[in-house]
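Geometric and topological summary
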Amino acid sequence: MQATYTAIVKQSENWWIGWVEEVPGVNAQEKTKEDLMASLRQGLEEALEFNREEARAAAGSDYSEEPLVG
């Protein structure tokens, strides 16, 4: 399942700033829009991996993974 996320981006003076709408804490600031989008993708990837690891650790053993479509 491939999820789609929304980047909220804006230019403020000489900087591009952005947030990933669906994942709190994923934000970035870069000099170009292209660099901003790359930073947001990287931050999103890291946040999702961290959340995955945290959820699996909290579940312990003998758990199942189920697809969830919103």
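Placed above this text is the structure.
Small disclaimer: the values here were computed from a predicted structure and weren't measured. (Residues numbered from 1 in each chain as written. Predicted model: local features only at pLDDT ≥ 70, side-chain atom pairs only at ≥ 80, totals over all residues. Heavy atoms only, no water.)

Take helix α1 (residues 33–59) next. Helix length check: α1, at 27 residues, gives a terminal C-alpha distance of 39 Å against a target of 39 Å (1.5 Å per residue), a fit within 8%. Where α1 is buried, its residues contact β1 (7–12), β2 (15–20) and β3 (27–30). Positioned one or two residues after α1, Gly-60 has a phi angle of 75°, which is positive. (Helix = DSSP H or I, 4+ residues; strand = E, 2+ residues; numbered from the N terminus. Expected span 1.5 Å × (residues − 1). Contact = heavy atoms within 4.5 Å.)

Looking now at unusual backbone geometry. In this structure, Glu-13 is a non-glycine residue whose phi angle is positive, near 55°. Relative to the assigned elements, Glu-13 resides in the loop between β1 and β2. Backbone geometry at Asp-62 places phi at a positive 60°, although glycine is not the residue there. Tracing the sequence through the fold places Asp-62 in the segment after α1.

All right, on to the environment of Trp-19 then. Locating Trp-19 in the fold gives a position in strand β2. Once residues lying within four places of it in the same chain are set aside, the contact partners of Trp-19 are Thr-6, Ala-7, Ile-8, Val-26, Asn-27 and Leu-40.

On to the nonpolar core. One finds Trp-16, Val-20, Val-23, Val-26, Ala-28, Leu-36, Leu-40, Leu-44 and Ala-47 forming the largest nonpolar core, which totals 9 residues. At the level of elements, β2 and α1 are the ones that each hand at least two residues to this core. Considering every element that reaches this core, the biggest residue donor is α1, with 4 residues. (Core = buried A, V, L, I, M, F, W, Y, C linked by side-chain atoms within 4.5 Å. Buried < 20%, exposed > 50% of the residue type's maximum accessible area, 1.4 Å probe, protein only.)

A few words on the sheet that holds β1. Overall, antiparallel pairing links the 3 strands, which are arranged β1-β2-β3 in an open sheet. Either end of the sheet is taken by a strand with one partner, and the two such strands are β1 and β3. The average angle at which neighbouring strand axes cross in this sheet is 15°, direction not considered. By the bridge criterion, 4 bridges tie β2 to β3 in an arrangement that is antiparallel. In the sheet register, Trp-19 faces β3, and the bridge partner there is Asn-27. (Pairing = 2+ DSSP bridges. Axes fitted to C-alpha atoms, helices over the stretch in contact; angles between N-to-C directions.)

Turning next to the pattern of salt bridges. If charged atoms from side chains of opposite charge come close, those side chains can pair. By the definition in use, this model includes 2 salt bridges. Between Arg-52 and Glu-49 there is a salt bridge, with the nearest N and O atoms lying 3.0 Å from each other. In this pair, Arg-52 and Glu-49 both sit in helix α1, 3 residues apart, roughly one turn of the helix. According to the relative accessible area criterion, Arg-52 is partly exposed, its value standing at 37%. A residue is classified by how much of its surface remains accessible, and Glu-49, at 34% relative accessible area, is partly exposed. A salt bridge links Arg-56 to Glu-65; the nearest nitrogen and oxygen atoms lie 3.4 Å apart. Judged by relative accessible area, which is 55%, Glu-65 ranks as exposed. (Salt bridge = Lys/Arg side-chain N within 4 Å of Asp/Glu carboxyl O.)

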